[in-house]
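Single-letter residue listing:
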Amino acid sequence: MVKRMVALIAVLVLCTAGTTEPMVVGGTLASVSEAPWAVVLTNKDAVRDSKRWCGGVLVAPNKVLTAAHCAGRSASSYGVIQGRADLADHSLGKFSAVSKIWVHPAYSTTTNRNDFAVLTLTKPMTGVPLLRLETSPRADRRGAVPTVYGWGDTNGTGPEDTLQKLAVPDLGDATCLGIKGYAENGYTAAANICAGYLDGTGDACQGDSGGPLVMNGRLLGIVSWGRGCAEPQYPGVYAEIAPVAKTLLEQVR
Ligand code: ARG
């Protein structure tokens, strides 16, 4: 129990540290048409007017993949919005409540491993293009340049609660394993992707968790954690899809 508390505090520190840093940080505006499968997870307890809580990905008309660390509340407290780049524009997009939450059975708050959850929607979002899952573990390699999408904090580098995108170079597992605190916080070569900029150019940020990291039209990873946002020497950590694709697909069918 004490261990769990300590782990939880560690994750919270990682997720809240550096809130004065520029907030997706360093990105540009993205349109719904280029990322129709990107969704916002809302929660009734969110402090913002928009009720933005996390990001997510539509992987079936009635299934949204997000981060396990986003999905710890009751199903009835969540909502999912698709098709609304500016969350203030209530005239656009689709909304659904959530009827069921599956959290990866091996999700660990100690190591942040298997940070995956699948939400079942009460109202399927029909007619929306879905994002397919990357199944090759070789897709995560240094030098690849996937793109992260999210409505999260921009720290002033863009409008709030608006869909942003940022190309984040895959830095390779060795980079994150060499960063102070990252291996200790559970970074694992076989289960994580290390992506972003060591000079603080840009990064995913608070509120982007659970959202998509995309390459070649496939979901490569899910925004999971980082120290602060866009802090020099501290890139973003993503939960890698390929090793768990089979397990996730069982939840999606
Ligand atoms: N854990 C945070 C969240 O729940 C942020 C995750 C991404 N952080 C980062 N620096 N890449 O939104």
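It should be emphasised that the depicted structure is a prediction, and the values quoted were computed from it without experimental measurement.

Quick notes on the rules
Residues numbered from 1 in each chain as written. Predicted model: local features only at pLDDT ≥ 70, side-chain atom pairs only at ≥ 80, totals over all residues. Heavy atoms only, no water. Helix = DSSP H or I, 4+ residues; strand = E, 2+ residues; numbered from the N terminus. Polar contact = N/O pair within 3.5 Å; in protein donor to acceptor, adjacent residues only side chain to side chain. Contact = heavy atoms within 4.5 Å. Phe/Tyr/Trp six-rings, centres within 6.5 Å; stacked < 30°, edge-to-face > 60°. Buried < 20%, exposed > 50% of the residue type's maximum accessible area, 1.4 Å probe, protein only. UniProt positions renumbered as here; feature names shortened; annotations may be inferred. Disulfide = S-S within 2.5 Å.

## Brief notes about the side chain of Glu134
Point 1. Tracing the chain through its elements places Glu134 in the loop between strand E8 (132-133) and strand E9 (147-150).
Point 2. A polar contact is formed between the side chain of Glu134 and the backbone nitrogen of Ser136, at a distance of 3.0 Å.
Point 3. What Glu134 contacts, discounting residues up to four positions off in sequence, is Ala139, Arg218, Leu219, Leu220, Ile241, Ala242 and Ala245.

## Here's the deal with the packing of aromatic side chains
Point 1. Per the counting criterion, the structure on display carries 3 aromatic pairs.
Point 2. Ring geometry for Tyr182 against Tyr234: centres 6.0 Å apart, planes inclined by 45°, an arrangement best described as tilted. Pair noted here: Tyr182 is in the loop between helix H2 (173-177) and strand E11 (192-195) and Tyr234 is in the loop between strand E13 (218-225) and strand E14 (236-240), with a separation of 52 residues, a long-range link.
Point 3. Accessibility expressed as a relative area gives 1% for Tyr182, which makes it buried.
Point 4. Here Tyr234 falls in the buried class, since its relative accessible area comes to 17%.
Point 5. A network of ring pairs unites the aromatic residues Tyr182, Trp225 and Tyr234 as a single cluster.

## Observations regarding the UniProt feature "domain: Peptidase S1" (unreviewed entry) in the protein chain
Point 1. When the UniProt feature table is mapped to this numbering, "domain: Peptidase S1" (unreviewed entry) covers residues 24-253.
Point 2. End C-alpha to end C-alpha, residues 24-253 measures 31 Å, and it is 6% helix and 31% strand.

## Re the state of the cysteines
Point 1. Following the criterion strictly, the structure yields 3 disulfides and no others.
Point 2. Between the sulfur of Cys54 and that of Cys70 lies a disulfide, 2.0 Å long from S to S. Negative torsions about the S-S bond denote left-handed disulfides, and the value of about -75° found for Cys54 with Cys70 makes this one left-handed. Of this pair, Cys54 sits in strand E3 (residues 52-60) while Cys70 sits in the loop between strand E4 (63-66) and strand E5 (78-82), placing them 16 residues apart in sequence. Of the two residues examined, Cys54 and Cys70, each falls in the buried class.

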